[in-house]
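Geometric and topological summary
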Amino acid sequence: MKLNVLTAAVLTSGVAMVASTANADMTTDNHGNVGYDSYDECVMAVKDGSAQFYTPYTYQKPKMQIGESSVKKMRLSEVMIPKAVVNSNNSKASNYSAGACDLGVGQSNGRYGVSGALVGKYVPIAADMPVNVYMDKAGNPVRLSMQQCDNHFGAKFPTPIMNEAKEKEAPAPDAEVAITEERSLEPVVVETTRVIRPAKYRVKEVIIAPEDQIKRLNTANGTVIAVEDSANRTVIVGQEADAEVLEETEISQTFPVIRVPDNNGQQPIVDPSISK
């Protein structure tokens, strides 16, 4: 009888130790949101149904950043991750059908991330979480945020969870045929000079370049742009005019229009027409 009592005590202790180990790597903040020490632990919790998905507790309207032209409200599961993002992250998932396990980050660019207790932890995000999908001029998604609070994720796109069943069932893609892709060009006003009377702006120079060769950089003096030339060199070309300046810019004038070639180098460096 004593042996049975002792065995029961050992078993009870063992169960307590397992439960303690299972919860040791989970952190809970004051709002009931949780985070895990590793991505794999977070994914495991989501798949076994024990995860508590993140719930926003503040409210903020959407706020677009440089390079974003529109915002659309969607469910996370409705968002297709851009191929370039999938490739750069070596991710096996191109969608959020299984949700996300995202690295918690703090405040940046005037928006919060997760609560301080979850910064550095992997936070489970539900597939049906409402999100803001920020688009570029071509309508391509470039960034996501939590819809209710506009809080940002660990990166422009949260880290997805791979839905193993769907990945295995997905048929092999058809063989790709080499197609010459039409590249859209984006005009960028490099510098403007204001004329006091009338209160208008005159364009000094305009650069027209493929969108994927234009980089915008935030500096202490405002936003500047860099353009990659055919030799894959990046050159800072000057300050970018904001929306208010562009609305009051005179276009009945003569100014240089520089056309940057795409990487095959077939476009002319300078547009023959320099007047607008």
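Quick caveat, the model's predicted, so the values are computed rather than measured. Numbering of residues starts from 1 in each chain and follows the order in which that chain's sequence is written. Confidence filtering applies because this is a predicted model: local features only for residues at pLDDT of at least 70, side-chain atom pairs given and counted only at 80 or more, and all residues used for totals across whole chains, interfaces and linings. Excluding hydrogens and water, the side-chain figures rest on all heavy atoms present in the structure.

A few points about the packing of aromatic side chains
Planes of paired rings set the category: under 30 degrees apart is stacked, over 60 is edge-to-face and the rest tilted, where pairs are Phe, Tyr or Trp rings (Trp by its six-membered ring) whose centres lie within 6.5 Å. According to the stated counting rule, one finds one aromatic pair in the structure shown. Residues Y39 and Y122 carry aromatic rings whose centres are separated by 6.3 Å and whose planes lie at 75° to one another, so their mutual orientation is edge-to-face. Highlighted residues: Y39 in helix α2 (residues 39-47) and Y122 in strand β5 (residues 122-125), separated in sequence by 83 residues. Exposed residues in this analysis have more than 50% of their type's maximum accessible area, buried residues have under 20%, and partly exposed residues fall in between, with area computed by a 1.4 Å probe over protein chains only. Relative accessible area serves as the criterion here: at 23%, Y122 is assigned to the partly exposed category. The helix count covers DSSP runs of H or I at least four residues long, the strand count covers runs of E at least two residues long, and both are numbered beginning at the N terminus.

Observations regarding the pattern of salt bridges
We count a salt bridge whenever a side-chain nitrogen from Lys or Arg sits within 4 Å of a carboxyl oxygen from Asp or Glu. All chains considered together, the criterion is met by three salt bridges. A salt bridge links E68 to R143; its shortest N-O distance comes to 2.7 Å. Residue E68 is located in the loop between α2 and β3 (70-75), and its partner R143 is located in strand β7 (residues 141-146); the two are separated by 75 residues in the primary sequence. Owing to a relative accessible area of 7%, R143 belongs among the buried residues under this scheme. For D150, the salt bridge identified is with R111, shortest N-O distance 2.7 Å. Note that D150 is positioned in the loop between β7 and α4 (164-169) and R111 in the loop between β4 (100-103) and β5, a separation of 39 residues in sequence.

Describing the environment of Y54
Mapped onto the elements, Y54 comes out in the loop between α2 and β3. For the pair Y54 and I125, spaced 71 residues apart in the sequence, the C-alpha separation amounts to 5.6 Å. It only takes one pair of heavy atoms within 4.5 Å for two residues to be counted as in contact. Beyond its immediate stretch of four places on either side in the chain, Y54 contacts N33, G113, V114, S115, L118, V123, P124, I125, M129 and M146.

Structural notes on empty space enclosed by the protein
Using only the protein atoms, space was sampled on a 1 Å grid; points where a 1.4 Å probe fits but cannot get out form cavities, open sets with protein on both sides within 12 Å along at least five of seven lines form pockets, and lining residues are those with an atom within 4 Å of a point. Grid points are joined across faces, edges and corners, and a volume is the space filled by probe spheres set on the points. Within the structure shown, the criterion is met by one cavity of 30 Å³ or more. Taken as a whole, the largest cavity holds about 50 Å³ of empty space. Lining the largest cavity we find D102, L103, G104, V105, G113, V114, V123, I125, M146, H152, F153 and G154. Its residues assigned to classes, the lining of the largest cavity shows seven nonpolar, four polar and one charged. Gly counts as polar in this scheme, as do all residues outside two lists: the nonpolar Ala, Val, Leu, Ile, Met, Phe, Trp, Tyr, Cys and Pro, and the charged Asp, Glu, Lys and Arg.

Notes on α2
Those residues of α2 that fall on the buried side of the exposure criterion are C42, V43, A45 and V46. One side of α2 carries all its buried residues, which in axial view fall inside an arc of 160°. In α2, those exposed residues whose orientation departs by more than 90 degrees from the buried face are D40 and M44. Buried residues in α2 make contact with β2 (34-36), β4 and β5. One or two residues past the end of α2 sits G49, with phi positive at roughly 85°. Directions are taken from the helix axis to each C-beta atom, and the arc is the one they span.

Brief notes about the state of the cysteines
Disulfide assignment relies on a single distance test, namely cysteine sulfur atoms paired within 2.5 Å. One pass over the structure, following the stated rule, counts one disulfide. Between the sulfur atoms of C42 and its disulfide partner C101 the distance amounts to 2.1 Å. Across the S-S bond of C42 and C101 the torsion is about -85°, and the bridge reads as left-handed. Taken together, the residues span a long stretch of sequence, with C42 in helix α2 and C101 in strand β4 at a distance of 59 residues. The buried category is assigned to C42, whose relative accessible area is 0%. According to the relative accessible area criterion, C101 is buried, its value standing at 0%.

Observations regarding the confidence of the model for the chain
One number per residue, pLDDT, summarises how confident the predictor is, and it ranges from 0 to 100. Here the chain averages 74 in pLDDT, and 60% of its residues register 70 or above. Considering only residues more than four positions removed or in separate chains, one finds that residues 1-24, a stretch of pLDDT under 50, has zero contacts. For residues 177-181, every residue scores under 50 in pLDDT, and the model assigns this stretch zero contacts once sequence neighbours within four places are set aside.

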